[in-house]
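# Understanding the architecture of this molecule
Next come the chains, spelled out residue by residue.
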Amino acid sequence: QVQLVESGGGLVQPGGSVRLSCAASGITISTYHMHWYRRPPGKQRELVASITADGSTTYADSVKGRFTISRDNLKSSVYLQMNSLNAEDTAVYYCYAEKRYGLGRADYWGQGTQVTVSS
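Residues numbered from 1 in each chain as written. Predicted model: local features only at pLDDT ≥ 70, side-chain atom pairs only at ≥ 80, totals over all residues. Heavy atoms only, no water.

This part is about the packing of aromatic side chains. Under the criterion given, the structure shown has five aromatic pairs. On the numbers, 6.4 Å between centres and 85° between planes, the contact of Tyr94 with Trp109 is edge-to-face. With a gap of 15 residues between them, Tyr94 in strand E9 (residues 91-101) and Trp109 in strand E10 (residues 104-109) connect regions that are remote in the sequence. The class for Trp109 is partly exposed, based on a relative accessible area of 33%. Taken together, the ring pairs in this structure connect Tyr37, Tyr94, Tyr96 and Trp109 into an aromatic cluster. The ring centre of Tyr37 lies 5.9 Å from the NZ or CZ of Arg45, which sits over that ring. Above the plane of the ring of Trp109 lies Arg45, whose end atom (NZ or CZ) is 3.9 Å from the centre. (Phe/Tyr/Trp six-rings, centres within 6.5 Å; stacked < 30°, edge-to-face > 60°. Helix = DSSP H or I, 4+ residues; strand = E, 2+ residues; numbered from the N terminus. Buried < 20%, exposed > 50% of the residue type's maximum accessible area, 1.4 Å probe, protein only. Lys NZ or Arg CZ within 6 Å of the ring centre and 35° of its normal.)

Moving on to the state of the cysteines. Each disulfide consists of a covalent bond between the sulfur atoms of two cysteine residues. All chains considered together, the criterion is met by one disulfide. Covalently, Cys22 is tied to Cys95 through a disulfide, its sulfur atoms 2.1 Å apart. Across the S-S bond linking Cys22 and Cys95, the dihedral sits near -80°, which makes this disulfide left-handed. One end of the pair, Cys22, is in strand E3 (residues 18-25); the other, Cys95, is in strand E9, and 73 residues separate them in sequence. Taken as a pair, Cys22 and Cys95 share a single burial class, namely buried. (Disulfide = S-S within 2.5 Å.)

Attention now goes to the pattern of salt bridges. Applying the stated rule across the entire model yields six salt bridges. The partner of Arg38 in a salt bridge is Glu46, with the nearest N and O atoms 2.6 Å apart. Residue Arg38 is classed as buried on the basis of its relative accessible area of 4%. The closest approach of N and O atoms between Asp89 and Arg38, which form a salt bridge, is 2.9 Å. Of this pair, Asp89 sits in the loop between strand E8 (77-82) and E9 while Arg38 sits in strand E4 (residues 33-39), and the two are 51 residues apart along the sequence. Taken individually, Asp89 and Arg38 each receive the classification buried, so the pair is uniform in this respect. (Salt bridge = Lys/Arg side-chain N within 4 Å of Asp/Glu carboxyl O.)

And the structure:
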């Protein structure tokens, strides 16, 4: 059974930092592209950051220079370091694993972790 379990969310003050973790089980994440999405209150889910199987990273414009995605395949984990947080970063953050092969695709979502930026 595949599981993605996020952790590290919580309440953080504006300007603060938090590190999210996503622990995967049941899959070999080294073969997966890994992503962090978020769903702000009352808004649609949006892609925040991605890291490919070979380690290339991309970011949403709104988080460039503030967030860093990384992976540790030996620990089957993906991380999102978030700095200089502001109220607009308040959201439920989700980990997403994706792999495409031939005409097929395998993908999995975590349950999400809440990040609230407030004083």
